[in-house]
Amino acid sequence: MHQHADRDRRPDRPRTGHGSLHAVNYYNPRIFDAQANIERVALAQRSATAYPSGLAVVVALDAAWPLVHDSARREPDDRRLMTRWNIGMGLTDFLITRVAELALHGLDLATALDRTPWTTPEAAAIVTTLLLVSGNPDDLAPLGWDPMTYLAKASGRTPLTADEAAHIEQVGVEWIPLG
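Residues numbered from 1 in each chain as written. Predicted model: local features only at pLDDT ≥ 70, side-chain atom pairs only at ≥ 80, totals over all residues. Heavy atoms only, no water.

**As for a nonpolar patch on the surface**
Part 1: A cluster of nonpolar side chains, contributed by L55, V58 and V59, occupies part of the molecular surface with about 300 Å² of accessible area.
Part 2: Residue L55 is classed as exposed on the basis of its relative accessible area of 60%. (Patch = residues over 30% accessible without salt bridge, like charges linked within 9 Å, V, L, I, M, F, W, Y side chains within 5 Å. Areas by Shrake-Rupley, 256 points an atom, 1.4 Å probe, with all protein chains shown as cover. Salt bridge = Lys/Arg side-chain N within 4 Å of Asp/Glu carboxyl O. Buried < 20%, exposed > 50% of the residue type's maximum accessible area, 1.4 Å probe, protein only.)

**Let's talk about the packing of helix α4 (residues 121–131) against helix α5 (residues 147–154)**
Part 1: Taken N-terminus to C-terminus, the directions of α4 and α5 make an angle of 35°; their axes are 10 Å apart at the nearest point. In this structure, α4 crosses over α5, and the sense of that crossing is left-handed. Of α5, the residues touching α4 (which contributes A124, V127, T128 and L131) are P147, Y150, L151 and A154.
Part 2: Here the residues of the contact of α4 with α5 sort into seven nonpolar, one polar and no charged. (Axes fitted to C-alpha atoms, helices over the stretch in contact; angles between N-to-C directions. Helix = DSSP H or I, 4+ residues; strand = E, 2+ residues; numbered from the N terminus. Left-handed = near helix turned anticlockwise from the far one by under 90°. Contact = heavy atoms within 4.5 Å. Nonpolar A, V, L, I, M, F, W, Y, C, P; charged D, E, K, R; others polar.)

**Topic: the nonpolar core**
Part 1: Counting residues in hydrophobic clusters, the biggest one holds 33 residues, and the most contacted among them are L130, L131, Y150, L151 and W175.
Part 2: Of all the secondary-structure elements, those providing two or more residues to this core are α3 (91–112), α4, β3 (132–134) and α5.
Part 3: With six residues, the single largest contributor to this core is α3. (Core = buried A, V, L, I, M, F, W, Y, C linked by side-chain atoms within 4.5 Å.)

**Thoughts on α3**
Part 1: For α3, built from 22 residues, the straight-helix expectation of 32 Å at 1.5 Å per residue is met to within 8% by its first-to-last C-alpha distance of 31 Å.
Part 2: Within α3 the residues assigned to the buried category are L91, T92, D93, I96, T97, A100, E101, A103, L104, L107 and A110.
Part 3: Residues of α3 that are buried make contact with α2 (54–74), β1 (80–82), β2 (88–90), α4 and α5.
Part 4: Phi turns positive one or two residues past the end of α3, at D114, with a value near 55°. (Expected span 1.5 Å × (residues − 1).)

**A short note on the pattern of salt bridges**
Part 1: Inspection of the entire model under this criterion finds three salt bridges.
Part 2: In this structure, D108 engages R157 in a salt bridge whose closest nitrogen and oxygen atoms are separated by 2.6 Å. In this pair, D108 sits in helix α3 while R157 sits in the loop between α5 and α6 (162–171), placing the two residues 49 residues apart along the sequence.
Part 3: A relative accessible area of 27% means that D108 is categorised as partly exposed.
Part 4: A salt bridge links E164 to K153; the shortest N-O distance between them is 2.7 Å. Placement of E164 in helix α6 and of K153 in helix α5 is noted, with a sequence separation of eleven residues between them.
Part 5: The buried category is assigned to K153, whose relative accessible area is 10%.

**A word on the packing of α3 against α4**
Part 1: Packing of α3 against α4 brings their axes to within 9 Å, and their N-to-C directions diverge by 110°. Judged by the inter-axis angle, α3 sits roughly perpendicular to α4. Judged by residue contacts, I96, V99, A100, A103 and L104 of α3 engage A123, I126, V127 and L130 from α4.
Part 2: Tallied by class, residues from the contact of α3 with α4 come to nine nonpolar, no polar and no charged. (Parallel < 35°, antiparallel > 145°, perpendicular 65-115°, else oblique.)

**Some details on the layout of surface pockets**
Part 1: Counted as a void, the largest pocket has a volume near 2,000 Å³.
Part 2: For the largest pocket, the lining is made up of 44 residues, of which L61, R98, V99, E101 and L102 are closest to its centre.
Part 3: Those elements giving two or more residues to the lining of the largest pocket turn out to be α1 (34–48), α2, α3 and α4.
Part 4: Sort the elements by how many residues they give to the lining of the largest pocket and α3 lands first, with twelve residues.
Part 5: Considering only residue class, the lining of the largest pocket consists of 27 nonpolar, ten polar and seven charged. (1 Å grid on protein atoms, 1.4 Å probe; cavity = no way out; pocket = protein on both sides within 12 Å on 5 of 7 lines; lining within 4 Å. Points joined across faces, edges and corners; volume = space filled by probe spheres on them.)

Keep in mind these numbers describe shape, not what the thing actually does.
Structure below.
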């Protein structure tokens, strides 16, 4: 699957040719409204009952990921799928949202368990690109953030200081709003 560096990243402009929903648009509050969130949580709770322990989840994930990876690699770049909300989306864009969910919720889990947050450099790069709507990533260098700090700040998990907010506004950096 190819990176789409030339894609139009404005949330109000879906990309054509790969489905009607871009990874940036996926987090639209119209999709993740209160009822959708109730349904997502209920589905997650029902699905969790299939696993008697955290270890069982890890074993199932360890067995499943190579199959998913191999299946996705065999698909053409323009493969289209339907989300659970019956909205068309390109496979690459959908997989970007899955990486974002794992990286960002992994950050949440580490924080909740009082562990040091981490993700792979590849996942951090994908989520960094997804979250950055406008501006140049190099504009953030003066802030001295490591990848996990960037993800926490850009996703709203850690508040910006007044100086950070002023710098971000000055250089015109904008992040996608997560629904």
